[in-house]
Amino acid sequence: MNMIWLLRAAKWARNPPSAKMVKLVIAVITIGLALLALEKLGWWPDWATQDQRPHRLPR
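Values in this document were obtained by computation on a predicted structure and should not be read as measured data. (Residues numbered from 1 in each chain as written. Predicted model: local features only at pLDDT ≥ 70, side-chain atom pairs only at ≥ 80, totals over all residues. Heavy atoms only, no water.)

Asker: What should I look at first to understand the overall build of the protein chain in this one?
Answerer: Helix and strand counts for the protein chain stand at two helices and zero strands. Each principal axis of the C-alpha distribution contributes one length, and for the protein chain these read about 50 × 35 × 15 Å. For the protein chain, the computed accessible surface area is about 6500 Å², with 66% contributed by carbon and sulfur atoms. (Helix = DSSP H or I, 4+ residues; strand = E, 2+ residues; numbered from the N terminus. Areas by Shrake-Rupley, 256 points an atom, 1.4 Å probe, with all protein chains shown as cover.)

Asker: Quick question: what am I supposed to make of the environment of Gln52 here?
Answerer: In this structure, Gln52 sits in the segment after α2 (19-41). Look at Gln52 and you get exposed, because its relative accessible area is 75%. Once the C-alpha coordinates of Gln52 and Asn15 are considered, the two residues, 37 residues apart in sequence, prove to be 46 Å apart. (Buried < 20%, exposed > 50% of the residue type's maximum accessible area, 1.4 Å probe, protein only.)

Asker: Is there a simple way to explain helix α1 (residues 3-14) in this structure?
Answerer: Since there are 3.6 residues in each turn of an α-helix, residues three or four apart along the chain are aligned in direction. Given a rise of 1.5 Å per residue, 12 residues ought to cover 16 Å, and the 17 Å separating the end C-alpha atoms of α1 matches this to within 8%. Burial of α1 is sparse: only zero of the 12 residues sit out of reach of the surface. (Expected span 1.5 Å × (residues − 1).)

Asker: Help me understand the environment of Met21, please; the structure alone is not making it clear to me.
Answerer: Examined against the element boundaries, Met21 turns out to sit in helix α2. For Met21, a relative accessible area of 43% corresponds to the partly exposed category. On a C-alpha basis, the gap between Met21 and Trp47 in space is 33 Å, while along the polypeptide they are 26 residues apart.

Asker: Can you walk me through the environment of Glu39 in this structure?
Answerer: Here Glu39 is to be found in helix α2. With 13 residues separating them along the chain, Glu39 and Ile26 place their C-alpha atoms 20 Å apart.

The quantities given are spatial measurements derived from coordinates; they are silent on function.
Rendered as structure tokens:
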């Protein structure tokens, strides 16, 4: 494990994030997972999907 990560973990142990910040992060992750589930289940609307263009080869 990198020393910077250990220092960051020690900082979090001394000053943990507030409950409001934890709820915000959990809400953002939940929304992202919900969008991913909609797309994988095929329930994502066609109007919200970009058209697939063929990849061009670099010159």
